[in-house]
Structure formats: structure tokens, C-alpha cells
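Understanding the architecture of this molecule
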Amino acid sequence: MASSCSQALRHHVCKSNRILRVHLQKSWPNRSFALNSAADQQPAVSSPEEIVIPKKKTWSKEAVLQALASTVNRDTTASDYRFQDDPYLTPKTSSEFKLFSLSQESGRNAAKYFISTYPKYFQKDYAQPHIPCLMPETLEAQIEEVCEAALIERIQMRKVKAAVDLYDQLLQAGTSVSLDVTNQLLDLVCFYGDHDPAQENIPEERNEETEDVQDEPQTKKGRAYKASNLLKATWKENNNAERIFALLSEPNTHSYSALIRGLVKYGAYFKAFSTYTDLLNNRLKADVHTFNALITAALEVKEKYNEKWDLIVDLLKQMAEQKVKPNLLTLNAVLKALRRCGSLGKSQAFPVISEMKALSIYPSLASYNHLLAIFYKPGAPINGQTDILWEVMNEVSGKSFTPQDPDDAQFFITAMRICLDTKDIEQAYRVHELLGVGENWRLLGNDFHQNIYYTRFFHLLSMMENVDVMLKWYRDLVPSVYYPSSNVMRDLLQALDADNRLDLIPQIWKDIKQFGHANRQNLVEQLLTLMAREKHNQEVQESFAECALDIKKVFDTGDRGKVLLSWTAGSLSDLISVLLAAQRRQDAWEMLKHFKTHNRVPNEELLNKFLTCMKESGEVNQAVELVQISAGFCLPETPKLIQRVQQEFELTEQQRNILSDLEIQTFNSN
């Protein structure tokens, strides 16, 4: 029964499909919609197509954070990101920036020291998933037996002395050490000069020797001498590196390379070339790292410029003979050597770069830095070489660079120095634009390099641009990335003076105080002179008067415990003139007493200004007292002041007698 029903249903469906197909074919005879059933269709004959499966895209762990960071611009009003966790410790001056950043790093190193010294107290792992860098590092060797594995462990932990001692124990026990492990040990000993590396996270112990060094006076650059800076590490004869190398029965290229690089790093240049000769005599080929080190040493073994260059060319030819392909560091080593070859460097710099490009070696920022340094010597006159910087900027503009050489961090400060020397503001803008491409800002260097770069940039802006442009850059970069020096603030005041925008001085004074330059005598006196030189509208004069009174507090009480400023006759005269221009007569009269307190002598112009203000207000008693002050200083202008008071003021009999007595005293003293 069920089977008969299903057959009937199937027959009905097939019949309905045939009726619908005939109906549609009659309705649209000129169209083909492939309405045939799957059974009626013939298989299409076509060439087989290859299905290409795309490669799996691997995203970095920071990809999401980088994408989010690209949507946010730098906050020009905020401080550096390192200080945003604690607003109380946000630096306001360049000295505070250095102090806080060093304090933060010191605290981080102290925490690492305790975690690494006492790892058993920090074993609980709260991070999910596990983050290895947050866990304490193992500073103590885990393998105590004398074996090759223990030697590898000490090499990885960079324990030079312990690794050498264990190596000697293995040889004394008759245990052979593989050549690869011996080369690793040789790398370690040569890199650190046969000394254990200094641990950055170990607190400095103060003893009598270090206290004596730290108590010495600072140098002109503001940096105190350290014992580690007085004695530079040098290569010692027959040290552990040479001893281990001599114990090798068949040293290979790696062994020679490690020893030669160590010799060059620690100043044994002639011995490095002697070792290279031994390498050739043993029918071995040097690697690219060996040649890079020898190119650096070539400057020290020859005296004349042409001899140095001939030796470098000979090394490059030997690289070609030994079929050693040069790398980027080879290019940079040659260019860095040309910096010390005088005029010869200018003739050989571009051929070197062209040759390297032919070998598919593209310059880094360090390469361009060396090129600029060859043609633009600091302090040397610019003789028709301004187009070199233009060509370099055409090469690097719009490109994002990655760190490939330690000298990459020198490019931006060198380029900005050249822009400042040539007064080329257009190229300076291109250099700064390049700094904002990708992550090029990472190649600006440390805080010291950043300070040099922005100081030169602002010096150039103050010379070549109007004050509005300079203020635009000032508000964009200060204090988010740069804390201006007192010289930059002085340049800013000069720019305000040149463009007749002295009304902005009170705002600049607030920044001067904030950045810790209020104790700069010359800067404060320049600011007072600009405010007192001309008379402005009443609103501006009022703001000048408030600024002048604020400056007076700095003179009297100092700024944040720094050295007090000393009153000079010029600073007192300028401050009083500002107060008189704003009709602050009482404040100006109180300031006049500072001349006697600080043993300073007022000038004739200031006294005449005072007398004019007293005439406008009708202060006869103060006019007579002003003449007495002038007579007390035995000023030659006193008779003129007496005559002016007698003519311009209505005096009582007593006041006339006082002036007559002063006139007689002045005459007798003369």
C-alpha cells in the first residue's frame, strides 16, 4: 500500500515538471536558462582548472594593538607615555624628565635584581596564559656536574669566568669539547674581552672609591667622570681567548672570525691582521664579519689617507676572490672609514654606494648618515655642496626604515645639523616629515639625541620663520616630546620681538617657570627689557605688570629651591618702568627702595619717569623724597631734579627749605 502511494506521488511530480518545462519553453523561446533536468543535461567538456589555496596569513601578537594605535594621533598636551601612569610624577622640566626616567629605570632594575636573586619567593604564576618574561630569570647554574652541557649552560648565561674554568676542568679530566661549543665559548670571551659582563640590574655599591669619584666636580658638559670611563678596556696579551684558540687542533673560519673581531673591538689592530694572515696560510676563507672588522681596523694600521684607502680596496678585492658577498655592514664600514680619509672620501663615497646597489645591498640610515658626514664637516664652510642633502632626502623621503646598524640613530641629528648650518628650512621640514613615516621615530635615538635634534630644529625655525609658524611648532612639540632649553626660550623671545608680538610675553614667562628656566639671569633680564622698552595699550601693560610682580617673587624667594637671582640696576630699572607704565605707582615706589637694599644705583631716565608719574598724580611729598634719594646716591642729575620739582610742583615753605638744603649739599659735594 505504501509503495504504491509513493510511486503515484513520484509519477505526479514528474508529470508536473514536464508540463512546467513545456510551458516555459513556449513563453521564452529565444532565451536559454538551462532548464533541463540534471538527467537530461550533457556533461560539459572543459579544461581542468587548478584550485590555488591561498597561504595562511600569520599575524603578529601585536597586530591588533598596532591597528588600534594607528587610529590615534599623539596628544600634544600630554607628557611622554612613560609618565602617564602617575600624574604626580609627570615631569615639567628637562631635568625632571631625566631624573624621573632614570628613577623609573632604577626601580625596574632593583625589582629585577630582587626577583632574580631570590627566585624562590616569586614562583607563583598569576598570568594566564603564561608569560615567560614576567617570571624570574635563572642566574644560577642548574647543572653542577662537569660536562659539556654544563659548559653550554654557562655560555648561554654569559658567565665568562665560570665558563672558562669549566672548560679547563673538562680538558684536565680528559674530556674532549666539540669544536662548535669551543667556538661558542670563544665568541663569548672575545665579545666581553675576557671579563664578565656588567649586570645592569645589580644596585651599585657605594664604597670609598666610588664616593671619591662621584664627589669630583662635573665636566663642562655636565657629566661626572666615572671610574669605568677613565680606563678603556684593552686587549691583554695571552689572555684566555688566545689560550683557548691555541688549544684548538684545527681551528675553522668561525674560530678565526671570533678572535679577529675581539682583537679589533679591543684595539689590537696589528695583531688582528696578523691573525688574518694565519687564516690565509691555513687555506681557510674568512667570513663577511671578519672582513667588516678588518675594514674598521684598516684606519688604525695606516697613517696616510691613500694608504688607508688602498688597504680597504685590497680587503674588498680579497672578499671577491674568496667569493664572500658583502652585506650592509660592509657598506657602512667602508663609508665610515671614508669619513676619516679627507678629500679622498668625497671622491669615493658615491662609487661605493653605486657598487653596493649593484650587489642588491640597499643603504640604511647609517649609510646616508656617513655620506652626509663625509661632505658636511661640523664647523667647515659649505662650498657648493648643498645639493648632497637634497639628493639624500630624495632617496629616503616617504620610506620607513628599520634598525640595521647602531649608527642609524645618528642620521636625524646629522641631517638637522646640516639644515641648520645651511639655513635650509625646506629640507628641515622634509627631515622632520621623514621622522613621522612609519616607525622612523624609533631611530631618533635616546633622550639626549632627541634633545639635540629638536633644539636644532627650533633654532632654525627662529631664524627662518615668522613667530606664528614657530609658535605652531612650539605648541605641537612642547611638552609632549620636547622640553625646550633656555637658549630656545631666548630664541622665542627674539622671534616675538622681531614680529612685534610682545603681548605674548606673559604666556612665555609661564612656560619659562614651568620648564625650570626662571633661575636664568640673562633670560629673565632679556624678558624684563622687552617689556620695559615700549609702551603698549593698557590691557597689555596690566598683563606686563602682573608678570613683572611674578618675576619679583622669583628674585626674592627663588624657584623650587634653586639658586636665587641677583638684582642688577638694569633689572630693577626695567621692572619699575613696567610698573609705572601700568600706573602701579605704589608697587613701583616699593621697588625703588631695592636700589639701596642691594647697593644698586638708579639711572637718570628712571628718576625722570618717576617724577613725571608723580606730577600726574600730584604726589608732592614723594617728589621731594625722590630728590632726597637721588642726593643720597650723590647722582650728578640731582640739581636738575631739584630744579624740575621747584618749577612743576606747588611746594610748601618746608619743602622749599628741604630742596634748598639739598641743593647746597649737592653744590658742596661737587
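The model shown is predicted, which means the values in this text are computed figures rather than measured ones.

Some thoughts on the overall build of the chain
- Per the secondary structure count, the chain includes 32 helices and 0 strands.
- When each of the 670 residues of the chain is scored for burial, the buried share is 39%.
- Across the chain, contacts joining residues at least 24 apart in sequence account for 66% of those joining residues at least 6 apart.
- Total accessible area computed for the chain in this model is approximately 40500 Å², and 52% of it derives from carbon and sulfur atoms.

A word on the packing of aromatic side chains
- In this structure the tally under the stated criterion is 16 aromatic pairs.
- With 3.9 Å between their ring centres and 15 degrees between their planes, Phe 555 and Trp 567 make a pair best called stacked. You can see Phe 555 sitting in helix α25 (residues 538-557) and its partner Trp 567 sitting in the loop between α25 and α26 (569-581), a full 12 residues away along the chain. Trp 567 shares its class with Phe 555; the two are buried.
- When the centroid spacing of 5.9 Å and the interplanar angle of 80 degrees are considered together, the rings of Trp 589 and Phe 610 count as edge-to-face. Within this pair, whereas Trp 589 is found in helix α27 (residues 585-592), its partner Phe 610 is found in helix α29 (residues 604-617), the two being separated by 21 residues in sequence. There is no split in this pair, since Trp 589 and Phe 610 are both buried.
- Taken together, the ring pairs in this structure connect Phe 411, Phe 412, Tyr 429, Tyr 453, Tyr 454, Phe 457, Phe 458, Trp 473 and Tyr 482 into an aromatic cluster.
- One cation-aromatic arrangement involves Lys 57 over Trp 59; the distance from NZ or CZ to the ring centre is 5.2 Å.
- For the cation-ring pair, Lys 472 lies above Trp 473, with the distance from its terminal atom to the ring centre recorded as 4.5 Å.

A look at the packing of helix α15 (residues 343-358) against helix α16 (residues 365-375)
- Packing of α15 against α16 brings their axes to within 9 Å, and their N-to-C directions diverge by 155 degrees. Taken as axis vectors, α15 and α16 run roughly antiparallel relative to one another. The handedness of the crossing between α15 and α16 is left-handed. In this structure, α15 uses Gly 345, Lys 346, Ala 349, Phe 350 and Ile 353 to contact α16, whose residues at the interface are Leu 371, Ile 374 and Phe 375.
- Class assignment for the residues of the contact of α15 with α16 results in 6 nonpolar, 1 polar and 1 charged.

Digging into a negative patch on the surface
- Where like charges cluster on the molecular surface, the negative patch consists of Glu 303, Glu 307, Asp 310, Asp 314 and Glu 321.
- Its relative accessible area of 63% is what places Glu 321 among the exposed residues.

Considering helix α6 (residues 179-191)
- Look at α6: 18 Å from first C-alpha to last across 13 residues, which is about the 18 Å you get at 1.5 Å a residue.
- Restricting attention to buried positions, one finds in α6 the residues Val 181, Thr 182, Asn 183, Leu 185, Leu 186, Leu 188, Val 189 and Cys 190.
- Buried residues along α6 sit in contact with α4 (148-156), α5 (160-172), α9 (240-247) and α10 (253-265).
- Once α6 finishes, Gly 193 follows within two positions and takes phi at roughly 65 degrees, a positive value.

Observations concerning the pattern of salt bridges
- If you walk through the whole model with that rule in mind, you get 22 salt bridges.
- Residues Glu 648 and Lys 615 are paired through a salt bridge, measuring 3.9 Å at the closest nitrogen-oxygen approach. Of this pair, Glu 648 sits in helix α31 (residues 638-648) while Lys 615 sits in helix α29, and the two are 33 residues apart along the sequence.
- Judged by relative accessible area, which is 30%, Glu 648 ranks as partly exposed.

A closer look at the confidence of the model for the chain
- Overall, the prediction assigns the chain a mean pLDDT of 81, with 84% of residues at 70 or greater.
- Within the model, the stretch residues 26-46 combines pLDDT values under 50 with 4 contacts to residues more than four positions away or in other chains.
- Within the model, the stretch residues 201-231 combines pLDDT values under 50 with 20 contacts to residues more than four positions away or in other chains.

Side note on the packing of helix α22 (residues 486-498) against helix α23 (residues 505-514)
- Where α22 contacts α23, the axes come no closer than 11 Å and their chain directions differ by 180 degrees. When the axes of α22 and α23 are compared, the pair comes out roughly antiparallel. Contacts between α22 and α23 pair Met 489, Leu 492, Leu 493 and Leu 496 from the former with Ile 505, Ile 508, Asp 511 and Ile 512 from the latter.

Side note on a nonpolar patch on the surface
- On the surface, Phe 114, Tyr 118, Tyr 121 and Phe 122 cluster together into a nonpolar patch covering about 450 Å² of accessible area.
- Mapped onto the elements, Phe 114 comes out in helix α3 (residues 94-117).

A closer look at the environment of Pro 119
- Following the sequence through the fold, Pro 119 ends up in the loop between α3 and α4.
- Overall, Pro 119 belongs to the partly exposed group, its relative accessible area being 28%.
- Along the sequence, Pro 119 and Met 135 sit 16 residues apart, while their C-alpha atoms lie 8.6 Å from each other.

A look at the nonpolar core
- Ranked by size, the top nonpolar core spans 173 residues in total, and within it Phe 411, Phe 412 and Phe 458 carry the most contacts.
- Considering every element that reaches this core, the biggest residue donor is helix α12 (residues 288-301), with 9 residues.

Quick notes on unusual backbone geometry
- A cis geometry characterises the amide bond from Val 478 onward to Pro 479, with omega recorded as -5 degrees.
- Within the chain, Ser 360 stands out as a residue other than glycine whose phi angle is a positive 65 degrees.
- Checked against the element boundaries, Ser 360 lands in the loop between α15 and α16.
- For Asn 599, which is not glycine, the phi dihedral falls at a positive 55 degrees.
- Looking at the secondary structure, you find Asn 599 in the loop between α28 (594-597) and α29.

Cut-offs applied
- Residues numbered from 1 in each chain as written.
- Predicted model: local features only at pLDDT ≥ 70, side-chain atom pairs only at ≥ 80, totals over all residues.
- Heavy atoms only, no water.
- Helix = DSSP H or I, 4+ residues; strand = E, 2+ residues; numbered from the N terminus.
- Buried < 20%, exposed > 50% of the residue type's maximum accessible area, 1.4 Å probe, protein only.
- Contact = heavy atoms within 4.5 Å.
- Areas by Shrake-Rupley, 256 points an atom, 1.4 Å probe, with all protein chains shown as cover.
- Phe/Tyr/Trp six-rings, centres within 6.5 Å; stacked < 30°, edge-to-face > 60°.
- Lys NZ or Arg CZ within 6 Å of the ring centre and 35° of its normal.
- Axes fitted to C-alpha atoms, helices over the stretch in contact; angles between N-to-C directions.
- Parallel < 35°, antiparallel > 145°, perpendicular 65-115°, else oblique.
- Left-handed = near helix turned anticlockwise from the far one by under 90°.
- Nonpolar A, V, L, I, M, F, W, Y, C, P; charged D, E, K, R; others polar.
- Patch = residues over 30% accessible without salt bridge, like charges linked within 9 Å, V, L, I, M, F, W, Y side chains within 5 Å.
- Salt bridge = Lys/Arg side-chain N within 4 Å of Asp/Glu carboxyl O.
- Lys, Arg positive; Asp, Glu negative; His and termini not counted.
- Charge placed at Lys NZ, Arg CZ, Asp CG, Glu CD.
- Expected span 1.5 Å × (residues − 1).
- pLDDT = per-residue confidence, 0-100.
- Core = buried A, V, L, I, M, F, W, Y, C linked by side-chain atoms within 4.5 Å.

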